[in-house]
Every structure is written in structure tokens, then in C-alpha cells.
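# Coordinate inspection notes
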Amino acid sequence: MKKLLAVIFVLVYSVSVMLTGCSTSGSSGETSAASGSDQGSAAKSGEDKFVVGFIPMTLNNEYFITMVNGAKQKAAELGVELNVQAGDQHASAADQLTIVENMITSGVDAICIVPSSSEGLAVALKKCKDANIPVINLDTKLDESVLKEAGVTVPFYGTNNYEGAKSAGEYVKANFKAGTKTAILTGIAGQQNAADRRDGFIKGAGDAINVVAEQSANWEVDQGYAATQNILTANPDIELVYAGNDGMAIGAVRAIKEAKKESQVKVIGFDGTSEALNMIESGEMYASVAQFPAEMGILGVENALKLIKGEKVEESTDTGAKLILPENVKEHQEYCKKYAE
Amino acid sequence: MNNTVNKLKKIDLKSITLYIGAIVILLAFTIICKANGKDFLTSSNIQNIISQSSVMAVVAIGASLVILTGGIDLSVGSIVGFVGIFGGIMIKSGVPLFAVIVICCVVCALIGLATGYFVSFGKVPAFIVTLGTMQIIRGLTKVLTSGKPVSGFPEALSKLSSFEIFGIPIIIIYVFIFYVLIVFTLSKTKFGRRIYSIGGNPNAAKLSGVKVNKIEMLTYMLAGLFSAFGGLMLLSRLSYADPNAGSGYEMDAIAAVVIGGIALSGGKGKVANTLVGALILGMLKCGLQILNVPTYYQTIIIGVVIIAAVYMDKAKERKAE
């Protein structure tokens, strides 16, 4: 046993010495951080390929998967290597910092990131700045105070949740009678986008709605389902449910169906996920506010490459939002198909 | 004499298996990264890995102590989140950093003490008490700021973790100091030996005059305290407090503990090896990310490693049977 251990130890030790030896010589010989063209991978990449790190908030829902797919397609078209990483916890600032650190180590040339919250990335941004890696902010806008703290300017490509919600509200105002009894399902309390999606809708709808119930269902289908059941028990005469995302809206649709009130209660969701689009098509859901996550991914990769090459980029682009109704659902489904894989 | 030598050998063999496992993972990543044109085994990346695992490693000290007594603590993650928000609010309102650290530690130790009371004197199963504490503390954290994060901290806060001594970030040094302290306490003090004795055989410990309840309660207090340290380290590292921070840490901590070879039934294992367990988890996360392994697969691989580690750890027991 002792002998065996000794042999293993010597083996391990010699291999590690060998490897540290070549790792130091390898890195000193490299000029560009991401050239990746030392002995091992010389065969793989004939020319230098730029690497863009892409960090969605999570990879646990369709919205971010679509965004990543848009980015992947653009990256393939531009001949850029895309390195996608997401935390396993929903919206964790700690996970995102770790990912940024590891991407810097792995030698990416630029990073596109959807921050877990608008305030939480100051340290990560500073590290990117020190490593001279340009950053692009997608979807959820970073606070000015964070950018100032990190001392960086970061272009932003995404939508304004408040405006998208407001357009849904305005549609309700134009198409529903005044004082429509409405229930609102909101996302996680304290999150900026949850507040924006609620406030924008209420602002846009004005006196067309009479909010009789409001519950947080934490963005989840099951919680949206339970909350709507309870709301229906308390307010059997509601006519409209507005949910801050499609997940909660889908939950609401199930609860309403079970209560056999499909003809009485209409449901408006947010995000335009494929499940919601199918439900709009079949008439189970009334409408959903669609954003264009794929466009954000595309703009992110496109402009990351420009930044790497030292070109100027657009400081901020609103990728827009669109209310999906039965009349335009087919067209939007066609568009989404492009980014389904 | 011969007997003790044999005993020593047996203990060391277990640890050696773990260390070899850690080195194999380190070398495997180094080789695979090298083949992909990336550097894994560099001093800056090793520092990254330890910094990234630091919060987990410190939280896992508390978890180790509790598990050594045969208990379990599910509340450690929520305490990490609580400390961020609670400490963050105090820092924002101008309380000096040093006072914030002391207050957070005292408050969390008291939370742990209360939890421990219900487990040891109250005889409520640890799983249930700490499940309750987890919910209470997470809820309380959200009440403090209505679920909003806290940010915009002075530079001094982030210096508490990023300040370098001989080129080593101080957050790494904290981890080693905490481990040295706890290893010393466990091996050289009465309190330490009693933790092992009540985990191994609580009835025998009781009969030999050990105050089982008191010792058990104190381990939960220490778990609260180390979670406070971990929470403060995370707050400093991120310079940002998120009310959801630390969720899932209780499971990661348990993973680090069992990979390190401490038996969930208590009484057996080395706390120092928990650090190795935490570093193995950290190495996996870092290496897989550098290699750009898709996120979903990373979770699968980490799950496999947890089971494989404990399976190998049990090899001797299987043989004995």
C-alpha cells in the first residue's frame, strides 16, 4: 500500500510540475489573452477567433434561452465563439461574480451580461475594467450608481418594462369599459421589473380598471394558479387578470378554467412565451406583452465584436415590446420559430 | 502500540484518498484546460477558486460541527442572506464597520443559540427546527427592506475582503485562520472532544458526565456565528446585499461536509477535510465554467461527484462487511 501511494504521489507530482512548467511558458508566450493558439489547440483554430462571454440571468426559462439562441446564431454568422454561462440559482449576484471571474481567467474578449439585479455587479464590472474587457448590458438596465462606482460606461440593449406594460394598459383602456374589475398578479416583491410591469399597466389603463385584488405570485405558474383560485373565491365577479409574466398568467388561466369562468375573465400576460402564444391562438388567453429577447442577444454579440475591434457602438437601444393578440399571434409565432433552437 | 499505529494509518488513508481525489481533479482540469488552450493551474486562478469557495467553506465549518453531533442545520443559508441585508442597512446608516461586524456576529450567534435550544433541550428534531429557522430568517430578511437589495457601500467594505497581504487577498487568509482555529479547538480542547463523543454515542457521553444538551446547543450557536462570518465575507466580496443571497448554501455546505468525509450520522470525520470538500466543489465550478461546459451539465457533474466521493469514502466499510 505504501509503495503504491509513493508511486502515485511521484507520478502526480511529476505531472503537476510538468504542467505548471508548460502553463507558465505557455502564458508568457501568448500575446493576446484569447488567442488560444498554443500547442494543444493549434489544430482546432487556424486563425484567432474572438470569444464573447454571454451571461443570462438564468437558463431556467424560455425568455433567456431565446436570448441565448439569438446570440448563438449571430455569433455563428460573425465567426465569433460564444461562451454561455449562467448561475444555477435564480438571479444570484454571487454566482454572476464567480462566472465573470472565471470568464476573465478563460480569456474572453468581451462580456454580455443580464445582471441579476440592476444594483449588484459593481465588483464584477470593476474586474472587467481591470482586465480590459468591454461589457455590454442586456435586458435589465444597470443603475447609474453602479456604473459610477465601477467607473465604467456600458452600452445597454433591452426594453423598458414600464413602457411595455403601459402599452398593454393603454390597450385595455381603449377596449374595455371603465371600471373593469381587475386582479393583478405581480412578480417577486422588491424586484424592479416586477414593480415596473405593475405600475406601467396601472398607469396605462387608468380608470378603465378597478383593481379589486393584487397578489405576488413570485413569477411562478403554481403560485399564479393558487393566487387566482383564492382571488376568484373572494371576488367571483372579476373580469380581467393581468399577470406580470406568462407563467403566472398560465396559472391564472388554469384556475379560471377550473372555476368555469372562461367567458367572464380575460387574462393578459407578459413575455410572449411559446406556451402563452399557443393559448392566445386557442383563445384561452387574451393577450401577452412580447419583448424581443433574441434581438437583445443579437445586438449584444454584434456590438461586443465592434467593441473588441475598437469601433464605436450605440450607447443604448430600445428593442421594443409588442402586444400579442389573436390577430397577430401567428405572425409572432413565425418570428419566434427562428430562435427556437 | 501496534494498535494505535494501525488506527492512525486507517484515519490517514481516508484523508489520503480524499487528497488524491482533489489532486486528480486539479490535474484533470489542468490537462483538459491546457488541451483547450486555457490555463487552470495558475496562482491567480487558484486564488480565484479559493475566493469563490471562501464563503461556502466558512459556512461549512458550522455545518460540520452540527453534523458531527449527529444534527443538521438548514438555516445557514438564510443567515448568510440575513447578515448581508442586516449588516448592509447598518453600514448605510453610518454604523462603523467594526461595530457592524460585532453586532452581526452576536445577533447570529443568538439566533443559532435559540435554534440549538429547541434542538437540544426542546428535543425537536434538528431538521424541523432549522427548517423553521430558515423560513423565519429569510422572511425577516425580506421584511427589513421590503425584499429590495442594498447597495452603494463605501470602498472600505470591499477592502475587507480584497485587501492583499503578500499578494494574497485577505478573504483567503480568513478561511485558513478560521480552519486553523476550529481544528485546534476540536483536537485540543475538552469542548472539541465532547462534540465527537456526543456524536459517536450520546448515551455513553451522558453517562460519563458530558453535558450533552449544552454542547449540542453550542454547536448550533457556532453554526450561526460561522454563517455570520460567511455572510459578512459575501457582503464584502460583492459589495452588495441581496435578500435572496445564500439560498441553497445549506445544501452546498452539506455537500462540502460529506465530500470531506464527515459522516452524516455524526461522531466521525475531520473538519479540516471539509475545507478540501469545499475546494473540490469550487474547483469543479470554476473548471467547468472555464471549459465552457453548458450550465445544465455542470449541475449533473457536481451531483455525480458528490455521490462518487461518498461512495469511495465508504469503500473500506463495504469491504469490512
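Residues numbered from 1 in each chain as written. Chains lettered and ligands numbered in written order. Predicted model: local features only at pLDDT ≥ 70, side-chain atom pairs only at ≥ 80, totals over all residues.

## Re the overall build of chain B
- Of the regular secondary structure elements, chain B holds 14 helices and 2 strands.
- Relative to the globule expectation of 20 Å for 321 residues, the C-alpha radius of gyration of chain B, 20 Å, shows essentially globular dimensions.
- The dimensions of chain B, computed from C-alpha atoms along their principal axes, are 60 × 55 × 40 Å. (Helix = DSSP H or I, 4+ residues; strand = E, 2+ residues; numbered from the N terminus. Rg over C-alpha atoms; globule rule 2.2 N^0.38 Å.)

## Looking at the overall build of chain A
- What chain A contains, in helices and strands, is 12 helices and 12 strands.
- Taken across its 341 residues, chain A has 51% of its residues classed as buried.
- A fraction of 73% describes how many contacts in chain A between residues 6 or more apart in sequence connect residues 24 or more apart. (Buried ≥ 20, exposed ≤ 12 C-beta atoms within 10 Å, placed from the backbone. Contact = placed C-beta atoms within 7 Å.)

## Points about the domain arrangement of chain A
Residues and elements named next belong to chain A.
- Assigned domains within chain A: domain 1 (51-159 + 293-318) and domain 2 (161-291).
- Each of domain 1 and domain 2 was reduced to a C-alpha centroid, and the two centroids are 30 Å apart.
- At the junction of the two partners, domain 1 supplies 6 residues and domain 2 supplies 8 residues. (Domains from an automatic or database assignment.)

## Things to note about the sheet that holds strand 8 (residues 240-243) of chain A
Residues and elements named next belong to chain A.
- In space, the 6 strands of this open sheet follow the order 7-6-8-9-10-12, with mixed pairing throughout. Looking at the sheet topology across the chains shown, the edges are occupied by strand 7 (209-216) and strand 12 (321-324). The sheet shows a mean angle of 20° between the axes of neighbouring strands, direction not considered.
- Pairing between strand 8 and strand 9 (residues 266-271): 3 bridges, direction parallel. For Tyr242, the partnering residue across the bridge sits in strand 9 and is Ile268. (Pairing = 2+ DSSP bridges. Axes fitted to C-alpha atoms, helices over the stretch in contact; angles between N-to-C directions.)

## Comments concerning the interface of chain B and chain A
- The interface is formed by 43 residues belonging to chain B together with 42 residues belonging to chain A.
- For the side of chain B that touches chain A, the elements supplying multiple residues, two or more each, are helix 1 (2-35), helix 2 (43-68), helix 10 (212-238), helix 12 (271-290) and helix 13 (295-313) of chain B.
- Taken together, the residues that form the side of chain B that touches chain A break down as 16 nonpolar, 20 polar and 7 charged. (Nonpolar A, V, L, I, M, F, W, Y, C, P; charged D, E, K, R; others polar.)

## Digging into the pairing of strand 9 of chain A
Residues and elements named next belong to chain A.
- Where burial is concerned, most of strand 9 is hidden: 6 out of the 6 residues are buried.
- Remark: the strand 8/helix 9 (residues 246-258)/strand 9 crossover connection has right-handed handedness.
- Sheet topology note: the strand 9/strand 10 (residues 287-291) ladder contains 4 bridges and is parallel. The residue of strand 10 that forms the bridge with Ile268 is Ala287.
- A crossover connection joins strand 9 to the parallel strand 10 through helix 10 (residues 274-281); in handedness this β-α-β unit is right-handed. (Right-handed = clockwise from strand over helix to strand, strands pointing away.)

## Let's talk about the packing of helix 3 (residues 93-106) of chain A against helix 4 (residues 122-130) of chain A
Residue and element names in this part refer to chain A.
- At a minimum axis distance of 9 Å, the contact between helix 3 and helix 4 shows a crossing angle of 10°. Here helix 3 is positioned roughly parallel relative to helix 4, judged by the angle of their axes. Counting all contacts with helix 3, which are made through Gln96, Leu97, Val100, Glu101 and Ile104, the residues of helix 4 involved are Val123, Ala124, Lys127 and Cys128.
- Across the contact of helix 3 with helix 4, the residue classes tally to 6 nonpolar, 1 polar and 2 charged. (Parallel < 35°, antiparallel > 145°, perpendicular 65-115°, else oblique.)

## What about the sheet that holds strand 3 (residues 110-113) of chain A?
All names here are of chain A.
- One open sheet holds the 6 strands; their spatial order is 2-1-3-4-5-11, and the pairing between them is parallel. The open sheet has two edge strands with one neighbour each: strand 2 (81-84) and strand 11 (316-318). If you compare each strand with its neighbour and ignore which way they point, the axes differ by 20° on average.
- In this sheet, strand 2 lies alongside strand 1 (residues 51-55) in parallel orientation, the contact comprising 4 bridges. The partner of Val51 across the bridge, within strand 2, is Glu81.
- The sheet strands contacting helix 2 (residues 62-78) are strand 1 and strand 2, and the helix crosses strand 2 at an angle near 160°.

## Examining helix 5 (residues 126-145) of chain B
Residues and elements named next belong to chain B.
- The end-to-end C-alpha distance of helix 5, which contains 20 residues, comes to 29 Å, matching closely the 28 Å that a straight helix rising 1.5 Å per residue would cover.
- Turning to helix 5, its buried residues number three or more, namely Ala126, Val129, Thr130, Thr133, Met134, Ile137, Arg138 and Thr141. Buried residues of helix 5, seen end-on, are gathered within an arc of 160° and therefore sit on one face of the element. Those residues of helix 5 that are exposed and angled more than 90 degrees off the buried face are Ile128 and Val143.
- On its buried face, helix 5 sits against helix 3 (76-92) and helix 4 (97-120).
- At the exit of helix 5 stands Ser146, carrying a positive phi of roughly 55°. (Expected span 1.5 Å × (residues − 1). Arc of directions from axis to C-beta.)

## Some words on the UniProt feature "transmembrane region" (unreviewed entry) in chain B
- Listed under "transmembrane region" (unreviewed entry) in the UniProt record, and renumbered for this structure, are residues 16-37, 49-67, 74-91, 97-119, 165-186, 217-235 and 296-312 of chain B.
- Within residues 165-186 of chain B, the helical portion is 77% and the strand portion 14%, while the C-alpha atoms at the span's ends are 28 Å from each other. (UniProt positions renumbered as here; feature names shortened; annotations may be inferred.)

## Remarks on the pairing of strand 3 of chain A
All names here are of chain A.
- Of the two faces of strand 3, the one lined by Ala110 and Cys112 and the one lined by Ile111 and Ile113 are each fully buried.
- Pairing of strand 1 with strand 3 involves 4 bridges; the strand directions are parallel. Paired with Gly53 across the bridge in strand 3 is Ile111.
- Across 3 bridges, the pairing between strand 3 and strand 4 (residues 135-138) is parallel. By the bridge assignment, Ile111 is partnered in strand 4 with Val135.
- Considered for its hand, the β-α-β crossover made up of strand 3, helix 4 and strand 4 is right-handed.

## Describing the environment of Lys181 of chain A
All names here are of chain A.
- By secondary structure assignment, the location of Lys181 is in strand 6 (residues 180-186).
- With 16 C-beta atoms packed within 10 Å, Lys181 lands in the partly exposed category.
- Residues Lys181 and Glu214, spaced 33 residues apart in sequence, show a C-alpha to C-alpha distance of 12 Å.
- Those residues within four positions of Lys181 in sequence are excluded, and the remaining contacts are Asn210, Val212, Asn235, Asp237, Ile238 and Glu239.

## Regarding the nonpolar core
- Core analysis: the biggest nonpolar cluster contains 145 residues, and Val52 and Ile111 of chain A together with Val59 of chain B have the highest contact counts within it.
- Top contributing element to this core by residue count: helix 10 of chain B, with 16 residues.
- Ignoring sequence-local partners within four residues, the contact set of Val59 of chain B consists of Val76, Val80, Phe226, Ser227, Gly230, Tyr249 and Ala253 of chain B.
- Core analysis: the next-biggest nonpolar cluster, separate from the first, contains 44 residues, Leu185, Ala243, Met279 and Ala290 of chain A among them. (Core = buried A, V, L, I, M, F, W, Y, C linked by C-beta atoms within 7 Å.)

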